[in-house]
Amino acid sequence: MPRIGPRRELKKALESFWSGKSDEAALLETAAALRAANWARQKSLGASIIPSNDFSLYDQVLDTSCMVGAIPPIYGWNGGAVSLSTYFAMARGSHADTQACEHGHAHSAGKGAPAQEMTKWFDTNYHYMVPEFSKGQPFALSSRKPIEEYLEAKTLGFQTRPVLVGPVTFLKLSKSRDGVDPLSLLDGLLPVYVEVLRELASNGADWVQIDEPCLVLDLDDAARAALKRAYETFARAAPQIKVMLATYFGALAENLDAALSLPVAGLHVDLARAPEQLNDVVAKAPANLVLSLGAIDGRNIWRANLPALLDRVEPAVARRGAGLVQIAPSCSLLHAPIDLDLEDELDADVKSWLAFAVQKVGELKVLAGALTSGRESVRAELAASAEAAAARASSPKVHNAAVAARIASVSPDMAQRKNPFATRAGLQRRRFNLPAFPTTTIGSFPQTAEVRKARAAYGRGTLDAAAYEKFLRAETALAVRWQEEIGLDVLVHGEFERNDMVQYFGEQLSGFAFTKHGWVQSYGSRCVRPPILFGDVSRPEQMTVEWWRYAQSLTQKPMKAMLTGPVTILNWSFVRDDQPRSESCRQIALAIRDEVADLEKAGAAMIQIDEAALREGLPLRRAEWKAYLDWAVECFRLCSSGVADRTQIHTHMCYSEFNDIIAAIGAMDADVISIETSRSKMELLDAFTTYRYPNEIGPGVYDIHSPRVPSVEEMTALLSRARERLADAQVWVNPDCGLKTRTWEDVRPALINMVAAARAQRSAAART
Ligand code: GLN
Ligand code: ZN
């Protein structure tokens, strides 16, 4: 179950504790109350198997590092039980000056031990703390959390099935400090797991769930052998406890035989992501293996069509016997919002098509009822489910004939600029007459407390629309004037009117809905409320043109218009399950294309379309990358190619792991791209030794994730490195991401230095 609490109680308790407003006892009390409420709620909803140790104060992978005592020396831990302060030092750094950018990367920004690295949990938007090992890494049971939480539930009267991150997945997701192969540490790790399993068993646990989602990835023989060794060890050393081996986020595919050969009592499979694997799994499973069928989608917000699901599941149950089948969500419900009942402002039709975590547990109960006592026993519930599915399938709120016609009329030339980059670049150069190494920023300027306060007041209704607009215009004007003053070449309006780069557009497009309480944990105390894409997307009105027009009216310099791209809007939303993602993306692309056309008509000569999340959408399996990149790139081109050659298209991406997708990025054919490189000291540019990036590019010269002000010299040095790999005419000068999380005090000197660094480079280039 989601751990944050229906009203984000955990977030509030954590942040109050971190800021010193409340003590450890208060935090632990809130945490215990949330666990107790979750157990009680699942029981009252009719769940027959209730998990424990699904709770975490920060992250379940970090919990596992603590359980096995894998605490890097930098945190000064001397053995014994891991304290809360060590735990949070690993999570956030030992000084609370660690900054996290909006995509969840932790960036250490000061003295003290930095936080552990954070990265995305498979293809979800949940981020885990990356375990870190070195040669000869010792392991010892150092946190008894799984046992304590099992006993806590037991005391409250709940027999639970504790959940552990499996040893092989844990090692596969880790990194080494000194080149040690994490899998080689398995034999040292297993005894700690065995100790936990034995203790759970001796305290009364009959089952444990061990998660090995690595089984849906491309595995090599070494990983498959590690799985075998781990589960044979458990079967031999802790035979008292039955293991439900859980896989999720995809198909077992070529790992199916390996999974089925493990000596475990049960296997959980994801039938939401990979419904096609059901028959194979049922056919091949050993006779006494309990199958847990992940039938209800744990990753999305749609209500299931229960009769249709039963049509698929009933034959499997008949074949194996009800005693050998469990019905479950496809994966942890951590990835779903908590309770739909809290949404009192959602459109009633849309609401009737949705199910959040609580509702999904209710659906499981109905499925189980039908499977054990026949469909008749839950006739009303099944009828309601089928009716909602039918209503959604035929609703005019979902299906818009005009959008369908538009999609049908898309032709290949629409995703193609009129002329190749070389021709466009010449026209653009003459039009803009920019100096060498032109300077610009990524879009947003600081979202100060006043900006956020004004937006909140406007939202509450205590600030009227006219006053809010006046405030935003004043902020924009200040930002524009300041950019002119310090001599930036290409300006931005600052994005003060935007709450979030996806929400801002979702709220103006049809086909999107927004929740009030639909929070999902992104990392630690940070939660996001993804938009819900429920219907065909269209753009009723212009979205950004007026703001751009106003900003451009304040200056003679080029004002970049600023949009979020279709792939990013898609990847940061809950999306439709009744059509391929590519189809939804194409619809968004057409809406953005219209905005691009209107901006151009209004006079915008440079239009930036951010694709911050393009890389995040990569499928887990390599074999599926190409198909994804093909449609993602095509959607970007579709939204950006309707303009004249002299209009300059920019894009921005905030990550540096480009090397494996660099050709796809090139194929997007943006005239200018800005990317993150400053932290890796331009290492990313190594990609350009084998692949010659064809268009113009601004490799970020300063790390906006840190409040530290970079000097002219260090940015000059980074630019010199960039010039070793790129032609001078290709290089732009910019920070590595938007500035909205920074203060003006950080931003002012940093950008002044950046402009100076660009000028220094101009003189240097003129001399050679
Ligand atoms: N234009 C956006 C900004 O500057 C881009 C943010 C991002 O890439 N995450 O805020
Ligand atoms: Zn960025």
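Everything numeric in this text was worked out from a predicted model, so none of it was measured. (Residues numbered from 1 in each chain as written. Chains lettered and ligands numbered in written order. Predicted model: local features only at pLDDT ≥ 70, side-chain atom pairs only at ≥ 80, totals over all residues. Heavy atoms only, no water.)

A.B. asks: Hey, could you go over the coordination of the zinc ion (ligand 2) for me, with residue numbers and the actual values?
C.D. replies: On the protein side, the zinc ion (ligand 2) has H652 (NE2), C654 (SG) and C737 (SG) as donor atoms, found 2.1 to 2.4 Å from it. Here the zinc ion (ligand 2) binds 4 donor atoms, and the angle range of 79 to 126° at the metal identifies the geometry as irregular. In terms of primary sequence, the donors binding the zinc ion (ligand 2) are separated according to H-x1-C-x82-C. Taken together, the positions of H652 in strand β20 (residues 648–653) and C737 in the loop between α26 (712–725) and α27 (744–767) put the pair 85 residues apart, joining distant regions of the chain. There is no split in this pair, since H652 and C737 are both buried. (Donors = N, O, S within 2.8 Å, 3.2 Å for Na, K, Ca; no water. Tetrahedral: all angles 85-135°; square planar, octahedral: opposite > 155°, others 65-115°. Helix = DSSP H or I, 4+ residues; strand = E, 2+ residues; numbered from the N terminus. Buried < 20%, exposed > 50% of the residue type's maximum accessible area, 1.4 Å probe, protein only.)

A.B. asks: Before we move on, could you go through helix α14 (residues 379–394) and cite the residues and values that matter?
C.D. replies: If you check α14, its first and last C-alpha atoms are 23 Å apart, about what 16 residues at 1.5 Å a residue would give, namely 22 Å. Taken together, the buried positions of α14 are occupied by L382, S385, A388 and R392. Projection of α14 onto a plane perpendicular to its axis shows the buried side chains occupying an angular sector of 125°, all on one side. Residues of α14 that are exposed and point more than 90 degrees away from the buried face comprise R379, A380, E387 and S394. Among the structural elements, α11 (306–320), α12 (348–352) and α13 (357–373) are those in contact with the buried residues of α14. (Expected span 1.5 Å × (residues − 1). Arc of directions from axis to C-beta. Contact = heavy atoms within 4.5 Å.)

A.B. asks: Quick one: what's the story with the confidence of the model for the protein chain, residue by residue and with numbers?
C.D. replies: In low-pLDDT segments, the atomic positions of the prediction should not be examined closely. Of the residues in the protein chain, 97% reach a pLDDT of 70 or more, and the chain-wide mean stands at 95. Low confidence marks residues 96–110, where pLDDT is under 50. Its contacts with residues over four positions away, or in another chain, come to 43 contacts. (pLDDT = per-residue confidence, 0-100.)

A.B. asks: Describe the sheet that holds strand β21 (residues 672–675), and please don't skip the residues or the numbers.
C.D. replies: The strand order across the open sheet built from 5 strands is β18-β19-β20-β21-β22, with neighbouring strands paired in parallel fashion. Bordering the open sheet on either side are β18 (561–564) and β22 (696–699), each of which pairs with just one other strand. Strand-to-strand, the axes of this sheet are offset by a mean angle of 20°, without reference to chain direction. In terms of strand pairing, β18 meets strand β19 (residues 606–610) through 4 bridges, oriented parallel. From the neighbouring strand, A561 faces β19, where its bridge partner is I607. (Pairing = 2+ DSSP bridges. Axes fitted to C-alpha atoms, helices over the stretch in contact; angles between N-to-C directions.)

A.B. asks: Give a description of the pairing of strand β10 (residues 242–246) that names residues and reports values.
C.D. replies: The buried fraction of β10 is high, at 4 of 5 residues. In this sheet, β10 lies alongside strand β9 (residues 207–211) in parallel orientation, the contact comprising 5 bridges. Within β10, the residue paired with W207 across the bridge is K242. Assessed by its sense of winding, the connection that carries the chain from β9 through helix α8 (residues 221–237) to β10 is right-handed. Note that β10 and strand β11 (residues 266–270) share 3 bridges and pair parallel. (Right-handed = clockwise from strand over helix to strand, strands pointing away.)

A.B. asks: I'd like a rundown of the environment of F471, residues and numbers included.
C.D. replies: As for its placement among the helices and strands, F471 is situated in helix α18 (residues 465–486). Residues F471 and F496, spaced 25 residues apart in sequence, show a C-alpha to C-alpha distance of 9.6 Å. With residues up to four places along the chain from it excluded, the contact list for F471 reads E450, V451 and A454.

A.B. asks: Talk me through the pattern of salt bridges; I want residue IDs and the actual numbers.
C.D. replies: All told, the structure shown has 50 salt bridges when counted by the stated rule. Two residues, E149 and R35, come together in a salt bridge whose shortest N-O distance is 3.4 Å. Taken together, the residues E149 in helix α5 (residues 145–155) and R35 in helix α2 (residues 24–45) connect sequence positions 114 residues apart. The class of R35 is buried, set by a relative accessible area of 11%. Between E497 and R498 there is a salt bridge, with its nearest N and O atoms 3.2 Å apart. Residue class for R498 comes out buried when judged on its relative accessible area of 5%. Each member of the salt-bridge network shares a partner with another, and the members are R35, D63, K145, E149 and E152. (Salt bridge = Lys/Arg side-chain N within 4 Å of Asp/Glu carboxyl O.)

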